[in-house]
Amino acid sequence: MSNKVHLGHTARKRFGQNFLTDGNIINRIVGAIAPDNDHIMVEIGPGLAALTEPVALAIDKLTVVELDRDLVERLKVHPTLKDKLDIHQGDALQFDFAQLCQPGKKLKVFGNLPYNISTPLMFHLFEFAGQIENMHFMLQKEVVLRLSASPGTKAYGKLTVMAQYFCQVVPVLEVPPGCFTPPPKVDSAVVRLVPYAEKPWPCKDVELLRKVCNTAFNMRRKTLRNNLKPMLNDDEFAKLGIDAGLRPEDISVEQYVAIANYLYDKK
């Protein structure tokens, strides 16, 4: 008995589709997601339902957001899923996740995300962090390394700062290319993002934090002094206790928040 899930759909390049087909890996991911009826379970991009089926088995109702109309049509007539799914056809990047909330129930979000939209989609989901219990995503391994990076490493960047501002980031497992059809050219990994109930470093203006990160990491090889010149002078860096001669990857999330809060107060 083969452990590969049968596919009757051709992966479409433009949607960045690589379908997960390894049964053991699927079971481990579902175990990490821990589906339950106490949360609103939301899958982004169910594709050919490799995760959708085992998750739906464990619960009464599953909400899915899928862009590909052909796949939506398949899900609507799927023998075991059609009565359990609440299907939203459309672009997850534009989707209002707040509309799914119910009193006393937070969302648990998961998905095998197309590589080309993973970063903007996570930024979009961070806006709903207050309504989300946790998120489990299959991503390029390199994106998971960026999400979970420590200051002073090459992987550390604006995605790291923003993700770790909102969430605790936990790499869950690595997934080699052979677990997919067609096999992608890169290694994948599953990450767990748990939004903080109380943020360790509250920011007065998240948009401003994002702007500081964009400006700081725009030219990674330059110092903070050079990159943030229009925003901060040496005295102000000193006041914040930050060495202006460091590079953008050398300071912590807490220090980025401190810069953003200082600029906010200065306004």
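Residues numbered from 1 in each chain as written. Predicted model: local features only at pLDDT ≥ 70, side-chain atom pairs only at ≥ 80, totals over all residues. Heavy atoms only, no water.

Caption draft 1: Spatial organisation of the nonpolar core. Membership of the largest hydrophobic core comes to 60 residues, with the highest contact counts inside it found for F97, F137 and Y256. Top element by residues in this core is helix α10 (residues 253–266). It accounts for seven residues. Setting aside its immediate chain neighbours within four residues, F137 contacts I44, V109, F110, G111, L113, M122, L125, A189, V190, V191 and L193. By size, the runner-up hydrophobic cluster in this structure holds 25 residues, among which are A49, A50, L62 and L75. (Core = buried A, V, L, I, M, F, W, Y, C linked by side-chain atoms within 4.5 Å. Buried < 20%, exposed > 50% of the residue type's maximum accessible area, 1.4 Å probe, protein only. Helix = DSSP H or I, 4+ residues; strand = E, 2+ residues; numbered from the N terminus. Contact = heavy atoms within 4.5 Å.)

Caption draft 2: Expanded view of the side chain of E66. Residue placement: E66 occurs in strand β3 (residues 62–66). A polar side-chain atom of E66 sits 2.8 Å from the main-chain amide nitrogen of D68. Apart from residues lying up to four places away in sequence, E66 is in contact with G45, P46, G47, L71, V72, H88, Q89 and G90. (Polar contact = N/O pair within 3.5 Å; in protein donor to acceptor, adjacent residues only side chain to side chain.)

Caption draft 3: Representation of the UniProt feature "binding site: S-adenosyl-L-methionine" (unreviewed entry) in the protein in the model. On the UniProt side, "binding site: S-adenosyl-L-methionine" (unreviewed entry) is annotated at positions that read N18, L20, G45, E66, D91 and N112 here. For L20, the location among the structural elements is in strand β1 (residues 19–20). When its relative accessible area of 4% is taken as the criterion, L20 is described as buried. Tracing the backbone through its elements, the reader meets G45 in the loop between β2 (40–44) and α2 (52–57). For G45, a relative accessible area of 24% translates into the label partly exposed. (UniProt positions renumbered as here; feature names shortened; annotations may be inferred.)

Caption draft 4: Broad picture of the confidence of the model for the protein. Of the residues in the protein, 94% reach a pLDDT of 70 or more, and the chain-wide mean stands at 92. The low-confidence segment residues 1–8, where pLDDT is below 50, has 13 contacts with residues more than four positions distant or belonging to other chains. (pLDDT = per-residue confidence, 0-100.)

Caption draft 5: Inspection of the sheet that holds strand β6 (residues 132–140) at higher detail. The mixed open sheet is built from seven strands, whose spatial order is β4-β3-β2-β5-β6-β9-β7. Of all the strands in the sheet, the pair left with one neighbour each is β4 (85–89) and β7 (167–175). Each strand of the sheet is rotated relative to its neighbour by a mean of 20 degrees, with strand direction disregarded. Contacting β3 and β4, helix α3 (residues 69–76) crosses the sheet at an angle of about 160 degrees to β4. (Pairing = 2+ DSSP bridges. Axes fitted to C-alpha atoms, helices over the stretch in contact; angles between N-to-C directions.)

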